[in-house]
Amino acid sequence: MYKASPQRREIVEKSKSVREKETKQNSNFFAKHLKRIYPITLQRSTSSSFSLSSISLSLSQNSTDSVSTDSNSTLEQKISLALGLISSPHRRETFVPKSIPQQLEQQLCRDFHSDEPKRCNWITKKSDEVYVMFHDQQWGVPVYDDNLLFEFLAMSGMLMDYNWTEILKRKELFREAFCEFNPNLVAKMGEKEITEIASNKAIMLQESRVRCIVDNAKCITKVIKEFGSFSSFIWGFMDYKPIINKFKYSRNVPLRSPKAEIISKDMIKRGFRFVGPVIVHSFMQAAGLTIDHLVDCFRHGDCVSLAERPWRHI
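Residues numbered from 1 in each chain as written. Predicted model: local features only at pLDDT ≥ 70, side-chain atom pairs only at ≥ 80, totals over all residues. Heavy atoms only, no water.

As annotated in an unreviewed UniProt entry, the chain carries the name DNA glycosylase and is attributed to Arabidopsis thaliana x Arabidopsis arenosa.

Given below as structure tokens:
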């Protein structure tokens, strides 16, 4: 089992603290969109479950609807049915009273399921939660931090062996092994550390992939000396503005792009490995250099708003 040295663990802990602080700051932005994501008819509480008070309020306000004219459709029955809808599938039968009219049950079922925001159609009911969260919170958000850009580049390269869900489930293990993807620290890794990471069965990375990440870190340190930061180098190809696409169907979203081919060629000349046009385009999508959310996805507008801000490189 791979164990980081005390010095590297301290660096990892400091980096995590910074990330948590940034996440807290960014939460204000997402709060603005919660009303659109979770309609007033069934609002979520802070514990990600529906609050009884909001259900009661919603059902009281709608008590004059046509479905509520049935004398048997009392407020208590509606609340009980709503609780049944948000309970786990194997418990729903114990919550839903049999006396509730079928019309009312169908109406509340539609209201409940409409609470889900519209996402890109490759996100399905079977998609893993970690992948859905990645789509909702990170994919397509413009990134300017060198460490995070390096992380996305490394994970995009792993797509040759794994899918996003498999990669994201091991993200924290990757961060610990590769010093929070600090290119200066990763570039200094020796044979012992490379072998330890490659032999870690939980991380599941071939030695060639580990060496690739270390070699790319060395390339990034050279780029930083020349351009001031890895962020400046990458965003320079984009004229410091993300490409905003307006694809309606998933079949329109390309696997590669002319810009990805340009970046790929330049990176290969500089010694980067596993940076073909397809990998680079995946990296661009994840890091928000190109906005490839479908136009009817709720995240498209959010990411476009971020993309249209003045370049905020530090």
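Here the narrative resumes, following the displayed structure.
J.: How would you explain the overall build of the chain if you had to name every residue and give the values?
T.: Along its length, the chain carries 17 helices and two strands. Counting all 314 residues of the chain, 45% fall into the buried class. Look at the contacts in the chain between residues 6 or more apart in sequence, and 69% of them connect residues 24 or more apart. For the chain, the accessible area works out to roughly 17400 Å², and carbon and sulfur atoms hold 53% of it. (Helix = DSSP H or I, 4+ residues; strand = E, 2+ residues; numbered from the N terminus. Buried < 20%, exposed > 50% of the residue type's maximum accessible area, 1.4 Å probe, protein only. Contact = heavy atoms within 4.5 Å. Areas by Shrake-Rupley, 256 points an atom, 1.4 Å probe, with all protein chains shown as cover.)

J.: Could you give an account of helix H17 (residues 298-307), naming the residues involved and the relevant values?
T.: H17 sits mainly inside the fold: eight of its ten residues count as buried. Among the residues making up H17, those that are buried are Phe298, Arg299, His300, Asp302, Cys303, Val304, Leu306 and Ala307.

J.: Report on the side chain of Asn200, specifying residues and quantitative values.
T.: Considering the arrangement of structural elements, one finds Asn200 in the loop between helix H12 (191-198) and helix H13 (207-227). Exposure remark for Asn200: the relative accessible area of 6% places this residue in the buried category. A polar contact of 2.9 Å, which involves the side chain of Asn200, links it to the backbone nitrogen of Ala202. (Polar contact = N/O pair within 3.5 Å; in protein donor to acceptor, adjacent residues only side chain to side chain.)

J.: Outline the environment of Arg170, supporting the account with residue identities and numerical values.
T.: Note that Arg170 resides in the loop between helix H9 (164-169) and helix H10 (171-177). Considered as a pair, Arg170 and Ile203 are 33 residues apart in the sequence and their alpha carbons are 6.6 Å apart. In this structure Arg170 touches Tyr162, Ala202, Ile203 and Met204, once residues within four positions along its chain are discounted.

J.: Just give me the short version of the UniProt feature "binding site: Zn(2+)" (unreviewed entry) in the chain, but keep the residues and values in it.
T.: As annotated by UniProt and renumbered to match this structure, "binding site: Zn(2+)" (unreviewed entry) occupies Cys120, His135, His293 and Cys297. Of the residues just listed, which span 178 residues, no C-alpha pair is farther apart than 10.3 Å, and they cluster in one region. Structurally, His135 is set in helix H7 (residues 129-137). Those residues within four positions of His135 in sequence are excluded, and the remaining contacts are Arg119, Cys120, Trp122, Ile123, His293, Cys297 and Arg299. Only 2.8 Å separates the side chain of His135 from the side chain of Asp136, close enough to count as a polar contact. One can find His293 in the loop between strand S2 (290-291) and H17. Contacts of His293, omitting those with residues within four sequence positions, involve Cys120, His135, Trp139, Gly140, Phe247, Arg299, His300 and Cys303. Within the structure, the side chain of His293 is placed 3.3 Å from the side chain of His135, a separation counted as a polar contact. (UniProt positions renumbered as here; feature names shortened; annotations may be inferred.)

J.: Describe the pattern of salt bridges, and please don't skip the residues or the numbers.
T.: One pass over the structure, following the stated rule, counts 13 salt bridges. Salt-bridge contacts for Lys118 lead to Asp296; the nearest nitrogen and oxygen are separated by 3.9 Å. Separated by 178 residues along the polypeptide, Lys118 in the loop between helix H6 (102-113) and H7 and Asp296 in the loop between S2 and H17 bring together distant segments of the chain. With a relative accessible area of 47%, Lys118 lands in the partly exposed category. Residue Asp296 is classed as partly exposed on the basis of its relative accessible area of 39%. If you follow the salt bridges from partner to partner, you end up with Glu151, Glu172 and Arg175 in one network. (Salt bridge = Lys/Arg side-chain N within 4 Å of Asp/Glu carboxyl O.)

J.: Which residues make up unusual backbone geometry, and what values do they have?
T.: The phi dihedral of Glu180 is positive, around 55 degrees, even though this residue is not glycine. Considering the arrangement of structural elements, one finds Glu180 in the loop between H10 and helix H11 (183-186). One non-glycine residue, Phe181, lies in positive phi territory at about 60 degrees. By the element assignment, Phe181 lies in the loop between H10 and H11.

J.: Please provide a residue-by-residue account of the packing of aromatic side chains, values included.
T.: Enumeration over the complete set of coordinates arrives at ten aromatic pairs. Look at Phe134 and Trp164: their rings are 4.9 Å apart centre to centre, the planes differ by 40 degrees, and that puts the pair in the tilted class. Placement of the pair is Phe134 in helix H7 and Trp164 in helix H9, with a sequence separation of 30 residues. Summarising the aromatic geometry, the rings of Phe233 and Phe237 are spaced 5.2 Å apart at their centres and angled 85 degrees between planes, so their arrangement reads as edge-to-face. This pair shows no difference in class: Phe233 is buried, exactly as Phe237 is. (Phe/Tyr/Trp six-rings, centres within 6.5 Å; stacked < 30°, edge-to-face > 60°.)

J.: A description of the environment of Phe274 should follow, citing residues and the corresponding values.
T.: Of note, Phe274 is situated in the loop between helix H15 (258-269) and helix H16 (277-286). Its relative accessible area of 26% is what places Phe274 among the partly exposed residues. Phe274 sits 120 residues away from Ala154 along the chain, and the two C-alpha atoms are 9.0 Å apart. Excluding anything up to four places from it in sequence, Phe274 contacts Met160, Arg209, Cys212 and Ile279.

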